[in-house]
Amino acid sequence: MTRSLLSTLIMSSVASTAAYAQSFVIEDIQIDGLQRISSGVVFGLLPVGIGDVVSDDVPAQIIRAITASEYFEDVEVAREGNVLYISVLERPSVSEINITGNKVLKTEDILENMATADITEGGIFTRATLEAIRQGIQEVYSGRGRYGTTVDIDIEEQPRNRVAINMTINEGKESRIQYINIVGNNAFDDDELLDLFDLGLKPWYNPFSGRNKYSREQFSGDLEKLTSHYMDNGYVRFNIDSTPISITPDNEQIYITINVTEGDQYVVKEVNLAGDLVNTEAILRAYTVVAPGQTFSQALVTATEEYMTQILGNFGYAFAEVNGVPEIDEEGKTVDVTFFVNAGNRTYVNRVNFIGNTATADDVLRREMRQLESAPASSQQIELGKVRLERLGYFSKVEVETNEVPGTSDQIDVDYTVEEQNFSNISFSVGSGGGGNFFISSSLEAQNFLGTGRTVGIGINKSTFQKSLNFSYLDPYFTADGVSRGFNVFLQEQDSPFNIASFSTKSYGGSFNFAYPISEIQQIGFNLGFSHTELSSGGYTVQEIESSPKIAEGVDYYIIDELNENPFNGPVADASGGFIVDLPTEYLNQNPDLGFIDRQGTAFDNFTFSVNWLRSTLNRGQLPTDGSFQQVSFEVTTPGSDLEYYKLNYSAQYYQPIINGFVLAFRANLGYGGGYGSTDGLPFFQNFFAGGLSSAGIVRGFDENSLGPRSTDPQTYVTGYAGLLRDENGNIIRNEAGYATIDTTKLGYMTTPVVDADGNQVYDANGNARVQLQVDDIALNQRLDAFGGNILTTGSVELLFPLPFVTDRSRVRSSLFVDAGNVFSTNCTARQSLHNNCSDFDFGEFRYSMGLSVTYLSPFGPLTFYVAKPFTKDANDDEKNFDFTIGAGF
């Protein structure tokens with residue numbers, strides 16, 4: 001069989017022209033050489049089909065069309081009669097890609113780069129493209145200061161026309177900067193200019209610094225900083241002439257030289273506006289920060305451009321452009337700056353769209369918008385919508401874009417893209433507390449319950465010191481204009497919390513609250529509540545709660561021995577021959593410091609009314625890094641309540657970004673309370689406490705609730721007893737003087753016989769043996785428990801810093817802190833003052849600590865832990881150097 005290789009005839013200059021000049025009609029097309037690619041793909045590439053006429057140039061067209069697909073390495077076209085034969089050689093496919101040796105560049109980044117060049121597993125193998133990728137990888141490593149990197153590629157042929165790509169990367173050592181020399185600078189010295197750079201020599205005090213690691217991208221950024229520094233100081237003709245870089249033969253050391261021409265310094269002569277000012281010239285001039293007589297600064301020109309663009313955007317000109325053009329007078333060394341304004345068409349918002357809110361309903365986001373659809377676009381209102389979404393605390397990231405509506409010149413769509421984060425605090429724990437006490441505790445607070453924007457909280461707690469059940473609900477948009485409504489109900493039985501004087505309460509109650517927005521950043525709220533509280537002092541309650549010593553219940557016969565100088569001494573015989581201890585009843589009525597229960601009783605029904613005002617400009621609802629927060633609240637019991645008291649609280653936060661992710665933060669918590677009417681002072685169970693993380697008075701480095709005034713241990717009369725010696729008939733045995741003798745084996749606790757100097761038993765005038773009764777200080781603890789006070793003063797200063805290797809810094813906060821504060825009382829009792837357990841407000845009594853804190857927004861709510869060390873403390877203070885909490889941030 002003879003075939004005419006038309007492609008050969010076409011390409012050959014010695015073939016007879018008559019051999020291919022004759023045209024023919026294609027009756028059939030045969031394709032040879034296909035392995036993986038279907039014939040349909042090739043037919044789809046052909047410029048001709050059955051029934052078409054093949055002319056002189058058709059074979060070349062066929063070859064070009066098939067080759068352009070890059071599926072084939074070789075293509076031949078032949079003819080046998082009226083049958084067109086096409087022979088192809090397929091390019092191999094990539095069965096697998098193996099990369100080893102890479103640490104600086106991630107494997108997925110390399111594979112992604114290869115995919116952009118169509119080198120992927122299952123794709124077509126192209127050797128030329130792979131070589132370009134190899135060079136590109138080496139270039140990337142060189143840009144990161146690794147000039148010795150090598151990339152070796154081995155192509156392993158496999159059955160069925162497949163290949164495996166094995167890439168081995170030897171990253172080599174990092175090239176380190178040994179010297180940077182700036183040549184041509186006169187206005188600024190080398191140290192001042194080099195301080196602008198991110199690159200440089202490694203500081204002697206930081207052996208872990210990577211500043212001397214060369215990076216092409218960082219070096220380009222440093223050159224831009226150098227240029228900006230000169231341009232911002234009037235050197236408008238400044239130029240970087242060259243930046244030769246020398247590398248040692250071992251590719252490990254780099255020497256950089258920067259040649260510059262400074263030029264002269266220029267000042268601003270005139271500032272003008274030109275273009276379409278759309279009746280805003282006066283406002284635009286007010287926001288012009290470039291002024292005649294100033295040293296020219298490109299930074300001020302850029303700032304003015306941004307201010308003007310923002311102002312025009314607020315008036316609905318979303319695509320306004322402002323360009324500041326300097327006109328240089330070389331002779332006078334001055335610059336005239338003209339700002340050319342192109343306002344463009346006034347734009348209107350077509351749609352406001354939300355992207356990424358998979359759990360949160362659209363209307364929860366839409367109600368935070370201040371930019372309305374079909375209204376003129378306002379850059380300020382669009383940005384305000386972004387800020388309000390960030391303050392919700394539901395999203396870790398919020399971005400906004402304005403896109404022109406296709407086919408229009410005066411409409412835009414506003415697209416908010418959000419990244420949702422955990423907006424619930426969930427905790428569940430089972431274990432043992434202090435003293436091995438078993439407890440079970442669980443709570444849930446969903447700030448965005450089922451994506452509705454409402455807050456629902458449920459808490460259940462059971463332990464040896466607390467049993468409680470509570471439910472809370474808050475709708476932040478009870479009305480369309482932002483009036484919120486909420487309520488709370490609770491039932492609780494509680495012994496005193498950790499480190500607080502012993503008492504127990506049973507209580508139940510609830511409250512309703514409303515809040516009204518008075519501006520974009522302020523609101524005022526009102527709360528009306530009711531609570532029923534029953535106090536129980538227990539067997540050994542501190543004296544501030546219930547005074548002591550007291551006579552035991554049921555004792556109604558007391559005799560005072562006038563012959564005894566100590567009124568607590570002296571027994572008399574009773575009818576059965578025993579002794580009745582004399583107890584001074586009148587002494588009990590002379591106690592100068594009655595406890596709270598002695599004054600007020602144990603059961604109270606209280607109605608409270610509170611009002612609060614808050615102002616927030618924080619940039620985020622959780623872990624803010626910019627802005628401020630202030631809240632003032634005042635609570636008072638209403639007429640008809642059993643207790644009459646009030647509490648005033650103030651809290652504040654302030655965040656000031658510094659540089660490179662560092663933020664200076666301040667926090668303060670102040671509180672004052674007191675009684676009025678028939679209630680003397682603030683009820684002790686409403687006292688303020690400080691210490692640790694678990695209270696409003698946060699002072700880390702100390703145990704929870706451990707600071708401030710302390711309680712006084714209780715006292716009790718030890719009601720002793722004594723027995724007489726009797727004979728076998730039950731008669732009292734008397735001594736030679738006729739006095740009854742005491743049975744010392746039957747003396748009660750803290751009841752001792754009264755003896756003379758020789759150790760002999762002392763009898764009274766009636767012949768009764770005398771015993772001594774004592775008052776006992778019941779020391780419940782080696783250290784007195786905190787009792788709290790009616791004055792709270794705490795605060796802190798923190799330096800927030802970014803943790804290395806943490807990419808999402810919106811979820812993690814680390815800080816160095818100094819805490820200060822204490823709790824004080826204006827109602828210190830005589831007992832507390834006697835033992836130096838209480839103090840009125842005194843700066844000298846402040847406690848201070850310093851340490852490190854980290855907060856992470858975990859799936860179960862904020863997780864916070866700290867290590868801290870107090871540097872001022874009292875002997876009674878309880879130190880706690882490490883602590884953590886889940887479900888509460890601050």
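For the structure, check the block above.
Let us look at the structure shown here. Everything numeric in this text was worked out from a predicted model, so none of it was measured.

## Considering a negative patch on the surface
Side chains of E96, E121, D154 and E156 sit close together on the surface and give a patch of like negative charge. Residue placement: E156 occurs in strand β7 (residues 150–158). On the basis of relative accessible area, E156 is assigned to the partly exposed category, the value being 38%.

## What about the pattern of salt bridges?
Throughout the structure, instances matching the rule amount to 28 salt bridges. With its nearest N and O atoms 3.1 Å apart, the salt bridge here joins R176 to E174. Owing to a relative accessible area of 24%, R176 belongs among the partly exposed residues under this scheme. A salt bridge links D475 to R454; its shortest N-O distance comes to 3.5 Å. One end of the pair, D475, is in strand β22 (residues 466–475); the other, R454, is in the loop between β20 (438–446) and β21 (455–463), and 21 residues separate them in sequence. According to the relative accessible area criterion, R454 is partly exposed, its value standing at 31%. Each of R146, E174, R176 and K213 takes part in one network of salt bridges that share partners.

## Describing the sheet that holds strand β16 (residues 348–355)
The strand order across the open sheet formed by three strands is β16-β18-β17, and the pairing between neighbours is mixed. The sheet is open, and its two edges are formed by β16 and β17 (395–404), each paired on a single side. Put simply, the sheet's adjacent strands are angled 15° from each other on average, direction ignored. Two elements, β16 and strand β18 (residues 411–420), share seven bridges in a ladder whose sense is parallel. Bridge pairing in β18 links I355 to T417. Contacts between helix α12 (residues 379–391) and the sheet are confined to β17 and β18, with β17 contributing the most and set at about 160° to the helix.

## A short note on a nonpolar patch on the surface
A cluster of nonpolar side chains, F478, F512, F514, Y516, F526, L528 and F609, forms an exposed patch at the surface whose accessible area comes to about 650 Å². Among the elements of the structure, β24 (504–517) and β25 (522–536) are those that each provide at least two residues to the nonpolar patch. If one sorts the elements of the nonpolar patch by residue count, β24 sits on top with three residues. Within the element layout of this structure, Y516 appears in strand β24.

## Brief notes about the sheet that holds strand β5 (residues 83–90)
If you trace the three strands from one edge of the open sheet to the other, you get β2-β5-β4, paired in mixed fashion. Among the strands making up the open sheet, the edge pair consists of β2 (28–32) and β4 (72–80). On average, adjacent strands in this sheet sit at an angle of 20° to one another, irrespective of strand direction. In the packing of helix α4 (residues 58–68) onto the sheet, contacts are made with β4 and β5, and the angle to β4 comes to roughly 155°.

## What to know about the packing of aromatic side chains
In total, this model carries 34 aromatic pairs according to the counting rule given. Where F824 meets F841, the ring centres are 5.1 Å apart and the plane angle is 65°; that geometry is what we call edge-to-face. On the criterion of sequence distance, the pair formed by F824 in strand β39 (residues 812–824) and F841 in the loop between α15 (830–834) and β40 (847–858) is long-range, its members being 17 residues apart. Since its relative accessible area comes to 1%, F824 is described here as buried. One aromatic cluster is present, formed by F824, F841, F843, F846, Y848 and F871 through successive ring pairs. Directly above the ring of F688 sits K647, whose terminal nitrogen or CZ lies 4.7 Å from the centroid.

## Describing the state of the cysteines
With the rule as written, the count across this model stands at one disulfide. The side chain of C828 participates in a disulfide bridge whose partner is C838; the two sulfur atoms lie 1.9 Å from each other. Its torsion about the S-S bond being -70°, the disulfide of C828 and C838 is classed as left-handed. Remark: C838 occurs in the loop between α15 and β40 and C828 occurs in the loop between β39 and α15; sequence separation between them is 10 residues. Here C838 falls in the buried class, since its relative accessible area comes to 13%.

Cut-offs used in this document
Residues numbered from 1 in each chain as written. Predicted model: local features only at pLDDT ≥ 70, side-chain atom pairs only at ≥ 80, totals over all residues. Heavy atoms only, no water. Patch = residues over 30% accessible without salt bridge, like charges linked within 9 Å, V, L, I, M, F, W, Y side chains within 5 Å. Areas by Shrake-Rupley, 256 points an atom, 1.4 Å probe, with all protein chains shown as cover. Salt bridge = Lys/Arg side-chain N within 4 Å of Asp/Glu carboxyl O. Lys, Arg positive; Asp, Glu negative; His and termini not counted. Charge placed at Lys NZ, Arg CZ, Asp CG, Glu CD. Helix = DSSP H or I, 4+ residues; strand = E, 2+ residues; numbered from the N terminus. Buried < 20%, exposed > 50% of the residue type's maximum accessible area, 1.4 Å probe, protein only. Pairing = 2+ DSSP bridges. Axes fitted to C-alpha atoms, helices over the stretch in contact; angles between N-to-C directions. Contact = heavy atoms within 4.5 Å. Phe/Tyr/Trp six-rings, centres within 6.5 Å; stacked < 30°, edge-to-face > 60°. Lys NZ or Arg CZ within 6 Å of the ring centre and 35° of its normal. Disulfide = S-S within 2.5 Å.

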